[in-house]
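An overview of the molecular structure
Next come the chains, spelled out residue by residue.
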Amino acid sequence: MRKWIVAGNWKMHNTIAESIALAKAIKEGSAGIQSGAIVLAPPFTALFSVGETIKGSNLSLAAQNMHYEDKGAFTGEIAPSMLKDTGCAYVILGHSERRKYFHERDNDVNLKVKKALTSGLIPIMCVGETDEEREKGVTQDVVGRQVQQGLNGVEKIENVVIAYEPVWAIGTGKVATSAQAQEVHAFIRGLLKNTFGGKKADDICILYGGSVTKDNVGDLIAMNDIDGALVGGASLKADGFLGIIKEISGRK
Ligand code: PEP
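The structure presented is a predicted model; accordingly, all values stated were derived computationally and were not measured.

Rules used throughout
Residues numbered from 1 in each chain as written. Predicted model: local features only at pLDDT ≥ 70, side-chain atom pairs only at ≥ 80, totals over all residues. Heavy atoms only, no water. Salt bridge = Lys/Arg side-chain N within 4 Å of Asp/Glu carboxyl O. Buried < 20%, exposed > 50% of the residue type's maximum accessible area, 1.4 Å probe, protein only. Near = heavy atom within 4 Å. Polar contact = N/O pair within 3.5 Å; in protein donor to acceptor, adjacent residues only side chain to side chain. Areas by Shrake-Rupley, 256 points an atom, 1.4 Å probe, with all protein chains shown as cover. Nonpolar A, V, L, I, M, F, W, Y, C, P; charged D, E, K, R; others polar. Axes fitted to C-alpha atoms, helices over the stretch in contact; angles between N-to-C directions. Helix = DSSP H or I, 4+ residues; strand = E, 2+ residues; numbered from the N terminus. Parallel < 35°, antiparallel > 145°, perpendicular 65-115°, else oblique. Left-handed = near helix turned anticlockwise from the far one by under 90°. Contact = heavy atoms within 4.5 Å. Pairing = 2+ DSSP bridges. Expected span 1.5 Å × (residues − 1). Phe/Tyr/Trp six-rings, centres within 6.5 Å; stacked < 30°, edge-to-face > 60°. Lys NZ or Arg CZ within 6 Å of the ring centre and 35° of its normal. Arc of directions from axis to C-beta.

This brings us to the pattern of salt bridges. The full count for this structure, using the stated rule, is 17 salt bridges. Measuring nitrogen to oxygen at the nearest pair gives 3.0 Å for the salt bridge that ties Glu 104 to Arg 98. Residue Glu 104 is classed as buried on the basis of its relative accessible area, which comes to 9%. Counted as one network, the salt bridges with shared partners bring together Arg 2, Arg 189, Asp 225 and Asp 227.

Here it is as structure tokens:
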């Protein structure tokens, strides 16, 4: 049985002090929940402090990106070992904002996913189509390519988390309907079955992301192939994020 995951992507928000305060509030508010995984992804500057704040709790730490090399002359980049050093267990990779603003390609994402796995980090690999691609009817082509190329040559597929995040739903308030999301999640799981076999595909956690709130997450999480959520805006306030966690933990 796969476990549910709720991950909060804080993006480029929060000072160290603000991050600690938010992490403390989430830790206190979710103290009784033990079943799934609650993951916080603060900005790099706050990783260590948030890691210290949530130590010994049911929360886990994630970074929002990393480089695929161990070390070297890569000014401004962060190595997997550095993330492990701060206490990270997860790393978000291939987020659509990385693809759009920093020109990450499927091949870069693939190198990062493989590196995360060999470094002992759980990659949360993001995929999703733009508005234009959905309108053109090529959602499955785009998502299929991102999944297949992103996972090319990956061996420990059971340690990968996939986040389906339609680009048109991110930060827009335009959440996918549960049927739209389930359709793509089932498609992704089908692809995983073809490539990695049924048992492994059944165990892979596929999260939905894109304008998730405590008010709309119930319908999404009721779907068979939706195993949790990657949350941006609504993860920046403890109340909203805790509301999402409670909805998911109560239903999965
Ligand atoms: C995200 O950026 O991963 C995300 C899902 O953002 P939001 O929840 O704000 O749409």
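Near the ligand, the surroundings consist of 14 residues, among which Lys 11, His 95, Glu 165, Gly 171 and Ser 211 are the closest. Backbone polar atom of Gly 171 to an oxygen atom of the ligand: 2.7 Å apart, as the coordinates give it. Gly 232 is positioned with one of its backbone polar atoms (N or O) 2.8 Å from an oxygen atom of the ligand. In the complex, 95% of the free accessible area of the ligand, which totals 290 Å², lies under the protein chains. For the shell around the ligand, a count of residues per class yields four nonpolar, eight polar and two charged.

Attention now moves to the packing of helix H7 (residues 139–150) against helix H8 (residues 178–196). For the pair H7 and H8, the least separation of the axes is 10 Å and the interaxial angle reads 45 degrees. Relative to H8, the element H7 is oriented oblique. Of the two possible hands of crossing, H7 and H8 adopt the one that is right-handed. Between H7 and H8, the residues in contact are Thr 139, Gln 140, Val 143, Gly 144, Val 147 and Gln 148 and Val 184, Phe 187, Ile 188, Leu 191, Leu 192 and Thr 195, respectively. Counted by class, the contact of H7 with H8 contains seven nonpolar, five polar and no charged residues.

Another aspect to go through is the sheet that holds strand E4 (residues 90–93). Taken in spatial order, the eight strands line up as E1-E2-E3-E4-E5-E6-E7-E8 and close into a barrel, and their pairing is parallel. For this sheet, the mean angle separating the axes of adjacent strands, direction not counted, is 25 degrees. Judged from the four bridges that link them, strand E1 (residues 5–9) and strand E8 (residues 228–231) form a sheet pairing that is parallel. Bridge pairing in E8 places Val 6 opposite Ala 229. On top of the sheet, helix H11 (residues 238–251) reaches E1, strand E2 (37–41) and E8; it is set at about 165 degrees to E1, its chief contact.

Quick look at helix H5 (residues 106–118) now. Across its 13 residues, H5 extends 18 Å between first and last C-alpha, which sits within 8% of the 18 Å expected from 1.5 Å per residue. Those residues of H5 that fall on the buried side of the exposure criterion are Asp 106, Asp 108, Val 109, Asn 110, Lys 112, Val 113, Lys 115, Ala 116 and Leu 117. Structurally, H5 contributes buried residues whose contacts are with helix H3 (80–86), E4, helix H4 (96–101), strand E5 (122–127) and H7. Just beyond H5, the residue with positive phi is Gly 120, at close to 80 degrees.

Locating Asn 65 in the fold gives a position in the loop between strand E3 (59–63) and H3. In terms of polar contacts, Asn 65 uses its side chain to reach the side chain of Lys 112, at 2.8 Å. Asn 65 has contacts with Phe 44, Leu 83, Val 91, Ile 92, Leu 93, Arg 98, Glu 104 and Lys 112, leaving out every residue within four places of it along the chain.

Let us look at the environment of Asp 131. In this fold, Asp 131 is placed in helix H6 (residues 131–136). Along the backbone, Asp 131 and Gly 120 are 11 residues apart, and their C-alpha atoms lie at a distance of 35 Å. Beyond its immediate chain neighbours, meaning those up to four positions away, Asp 131 contacts Trp 168 and Lys 174.

Here we take up the packing of aromatic side chains. Applying the stated rule across the entire model yields one aromatic pair. Just above the ring of Phe 102 sits the side chain of Arg 98; from NZ or CZ to the centre is 4.2 Å.

This part covers helix H1 (residues 16–29). An ideal rise of 1.5 Å per residue puts 20 Å on 14 residues; H1 measures up with 20 Å between its terminal C-alpha atoms. Of all the positions in H1, only Ser 19, Leu 22, Ala 23 and Ile 26 are classed as buried. In a view along the axis of H1, the buried residues occupy a sector of 100 degrees, so they form one face of it. Every exposed residue of H1 that faces more than 90 degrees away from the buried side is listed here: Ala 17 and Glu 28. Looking at the buried residues of H1, the elements they touch are E2, helix H2 (47–54), E3 and H11.

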